[in-house]
Amino acid sequence: MKESVLVIGSGYRHFREYVLRGLAEDFEILLIGPAPLDWQLPYAAAHREADVQDEAAVFAAAADLAVTHRVAGVVTWEESLVTRAAEVAARLGVPAMPVEAARACRDKARQRERFQAAGVPSARFSLAGTEAEAVAAAESLGYPVVVKPRGRAASVGVRIVRTEAELRRTFSRVREVENPSIDDGLVLVEEFLTGPEIAVDSWVLDGRVEPFSIAAKRTDYPPYFEEVAHVVGRVLDPATEARVREVVTAANQALGTDRTVTHTELMLTADGPKVVEVNGRLGGDLIPRLAELAVPGLSVGRVLGAVATGRVPEPAGRPDRLVGIRFLYPTADLTFDEIELPAALAGEPWVHEVRTVSEPGTELRLPPRQFLGRAGYVIAAGAGIEEIDARLTKLAEAAAVRGEPLPA
């Protein structure tokens, strides 16, 4: 008989269905999701419809499901629900991510403090509640600095600042996009780390941290850090990968993460890997799905279910190819209509998928007027990182995002 795993939230179908499908292969899924549930239903043995942002509603739904099912694990892959999932598990008496670890994963300032105390290499930082405090912090750290909200994901609102005047213009804008759960008005001002940026997804169980996916990240739209592409596979040389694994393990242990899959972002600086942040959930942007395509036998849903229920996942192989994703944006703000890609290019054997993710009629704006204003994406495979970068760039340049221009 399959063990029951309580899943809180399901995310967007295009970006998370593969996880739910994989999880359902080995586990009975008890799902709490927003009304109306639709595509999720074939995977769920039982479900309750609830506003997942409503604490009382989620607790009530979880308690109701627990009456008729023995919950063996509690998971979420939605950033805003990481702490809530941990709190639900604690109320049900189910071993899961510790609540304090979940809270640290949701607050980048708490992370920095724990990294500093444990000697985990990371950026120097300061918290600022006013422009004057931010200016003083930047002068102490040295320009340029990175100014960021503490509780957002996907680099939303994160900005590099090079001068005092720019910092003063930026401070209030960054504070305005903060996660509503963090209401003390403090903004994070950090040392600007330079070097290639990578992201590592790992399963964590009883202090053991095992990376299974390493992705090279590509950003654009400076001075912001909009994530526009990722490449997964053997993207690092063996020595660098070994050091990255050590730092990722140390970072997760410093936060006390457990019974989950985490997403750790790092910068490969001249002084070695330094942690940008640890997220207490699966990586976004289909990074774990790219890992499934690159690593023979890997099922991320099965991995997540195993650690959530206290079992060591079955070993996966090493990546046998590189797989990358590139998100498609309009060249200017518009009301989206369609994506056009030449059929000959879309039919290339190395093109795995071309997908639209925005509905026609959706307003898409470029940063900073909107973050993650994506029309769709392309996924491609390759043998080397230069090859796959070139292929993704070729696809993005050939794809035309059509629509009605919006007023400036």
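Look up: the structure comes first, before these words.
Within each chain, residue numbers correspond to sequence positions counted from 1 in written order. Only residues with pLDDT of at least 70 are given local features in this predicted model, and only at 80 or more are side-chain atom pairs given and counted; all residues enter the totals for whole chains, interfaces and linings. Side-chain metrics rest on all non-hydrogen atoms present in the structure, leaving aside hydrogens and water.

Caption draft 1: Layout of the sheet that holds strand S7 (residues 159-161). Spatially, the four strands line up as an open sheet ordered S5-S8-S6-S7, and their pairing is antiparallel. Either end of the sheet is taken by a strand with one partner, and the two such strands are strand S5 (125-128) and S7. When the angles between neighbouring strand axes are averaged without regard to direction, this sheet yields 30°. We call two strands paired when DSSP finds no fewer than two bridges between them. Only DSSP runs of H or I covering at least 4 residues are called helices, and only runs of E covering at least 2 are called strands; the numbering of each starts at the N terminus. In this structure, S5 lies alongside strand S8 (residues 187-191), joined through four bridges in antiparallel fashion. When the sheet's bridge partners are listed, Phe125 is paired in S8 with Glu190. The contact rule is simple, with two residues in contact once any of their heavy atoms fall within 4.5 Å. Think of each axis as a best-fit line through the C-alpha atoms, taken over the contacting stretch in the case of a helix, with angles from 0 to 180 degrees between the N-to-C directions. Its contacts with the sheet put helix H5 (residues 108-118) on S5, strand S6 (145-148) and S8, and the angle it makes with S5 is roughly 145°.

Caption draft 2: Spotlight on the packing of aromatic side chains. Pairing of aromatic side chains requires ring centres within 6.5 Å, counting the rings of Phe and Tyr and the six-membered ring of Trp. Pairs whose planes differ by under 30 degrees are stacked, by over 60 edge-to-face, and all others tilted. Tallying each qualifying case throughout the model produces five aromatic pairs. Ring centres 5.4 Å apart and planes at 55° place the aromatic pair Tyr221 and Tyr329 in the tilted group. Of this pair, Tyr221 sits in the loop between strand S10 (208-220) and strand S11 (226-232) while Tyr329 sits in the loop between strand S14 (322-328) and strand S15 (334-340); the two residues are 108 residues apart in sequence, bridging distant segments of the chain. For Tyr221, a relative accessible area of 22% translates into the label partly exposed. Under the relative-accessibility criterion, Tyr329 is labelled buried at 12%. Their ring planes at 65° and their centres at 5.5 Å tell us that Tyr224 and Phe371 sit as a pair that is edge-to-face. In this pair, Tyr224 is assigned in the loop between S10 and S11 and Phe371 in the loop between strand S17 (363-364) and strand S18 (376-382), connecting sequence segments 147 residues apart. Note on exposure labels: buried denotes an accessible area under 20% of the residue type's maximum, exposed denotes more than 50%, and partly exposed covers the range between, all computed with a 1.4 Å probe on protein chains only. Overall, Tyr224 belongs to the buried group, its relative accessible area being 10%.

Caption draft 3: Representation of the pairing of S18 in the model. Taken across its seven residues, S18 has seven buried, putting it largely inside the fold. Where burial is concerned, the two faces of S18 agree: the one with Gly376, Val378, Ala380 and Gly382 and the one with Tyr377, Ile379 and Ala381 are both buried. The pairing of S14 with S18 spans seven bridges and is classified as antiparallel. Considered in S18, the bridge of Leu328 is made with Gly376. In the sheet, strand S16 (residues 351-356) pairs with S18 via five bridges, with the strands oriented antiparallel. Residue pairing across strands places Thr356 opposite Gly376, the latter belonging to S18.

Caption draft 4: Looking closely at the nonpolar core. We define the nonpolar core as a collection of buried residues of types Ala, Val, Leu, Ile, Met, Phe, Trp, Tyr and Cys that are connected through side-chain atoms lying within 4.5 Å of one another. The biggest cluster of nonpolar side chains holds 47 residues, and the ones touching the most others in it are Ile198, Val244, Leu266, Val275 and Leu395. When near neighbours in sequence (up to four residues on either side) are disregarded, Val244 contacts Ile198, Val200, Leu236, Leu266, Leu268 and Pro273. Of all hydrophobic cores here, the second largest spans 46 residues; its members include Phe27, Leu31, Ala308 and Phe327.

Caption draft 5: Seen up close, the pattern of salt bridges. For salt bridges, the criterion is a side-chain nitrogen of Lys or Arg within 4 Å of an Asp or Glu carboxyl oxygen. Inspection of the entire model under this criterion finds 32 salt bridges. Glu100 is the partner of Arg110 in a salt bridge, and the nearest nitrogen-oxygen pair spans 3.5 Å. Of the two residues, Arg110 is situated in helix H5 and Glu100 in helix H4 (residues 99-106); the sequence distance between them amounts to 10 residues. The class for Glu100 is partly exposed, based on a relative accessible area of 40%. Residues Lys108 and Glu277 are paired through a salt bridge, measuring 3.8 Å at the closest nitrogen-oxygen approach.

Caption draft 6: Seen up close, the packing of helix H2 (residues 55-68) against helix H3 (residues 82-92). The contact between H2 and H3 brings their axes to 10 Å, and the two run at 45°. The orientation of H2 relative to H3 falls into the category oblique. Both H2 and H3 take part in a crossing whose hand is right-handed. On the side of H2, the interface is formed by Glu55, Val58, Phe59, Ala62, Ala63 and Ala66, while H3 contributes Arg84, Glu87, Val88, Arg91 and Leu92. Each angle gets one of four labels, with under 35 degrees taken as roughly parallel, over 145 as roughly antiparallel, 65 to 115 as roughly perpendicular, and the rest as oblique. It is the rotation of the near helix from the far one that decides the hand of a crossing: anticlockwise by less than a right angle makes it left-handed, clockwise makes it right-handed.

Caption draft 7: View of helix H6 (residues 131-141). The complete set of buried residues in H6 reads Ala134, Val135, Ala137, Ala138 and Leu141. Buried residues along H6 cover an arc of 160° about the axis, so they all sit on one side. Along H6, exposed side chains directed more than 90 degrees from the buried face belong to Ala132, Glu139 and Ser140. For H6, the secondary structure elements touched by its buried residues are S5, S6, helix H7 (164-176) and S8. Once H6 finishes, Gly142 follows within two positions and takes phi at roughly 95°, a positive value. The directions considered for the arc run from the helix axis to the C-beta atoms.

Caption draft 8: Layout of helix H8 (residues 238-255). Expected span, for any helix, means 1.5 Å times one less than how many residues it has. Under the 1.5 Å per step criterion, the end-to-end length of H8 is 26 Å for 18 residues, consistent within 8% with the ideal 26 Å. Turning to H8, its buried residues number three or more, namely Glu241, Val244, Val247, Val248, Ala251, Asn252 and Leu255. The buried side chains of H8 occupy one side of the element, clustering within an arc of 130° when seen end-on. Looking at H8, the residues exposed on the side facing more than 90 degrees away from the buried face are Pro238 and Ala239.

Caption draft 9: Examining the pairing of strand S12 (residues 260-269) more closely. Burial analysis of S12 places 10 of its 10 residues in the buried class, which makes it a mostly covered element. On S12, burial covers both faces: Thr260, Thr262, Thr264, Leu266 and Leu268 on one face and Val261, His263, Glu265, Met267 and Thr269 on the other are all buried. Two strands pair when backbone bridges link them, and strand S9 (residues 197-205) and S12 are joined in this way by eight bridges, in the antiparallel orientation. If you follow Val204 over to S12, its bridge partner there is Thr260.

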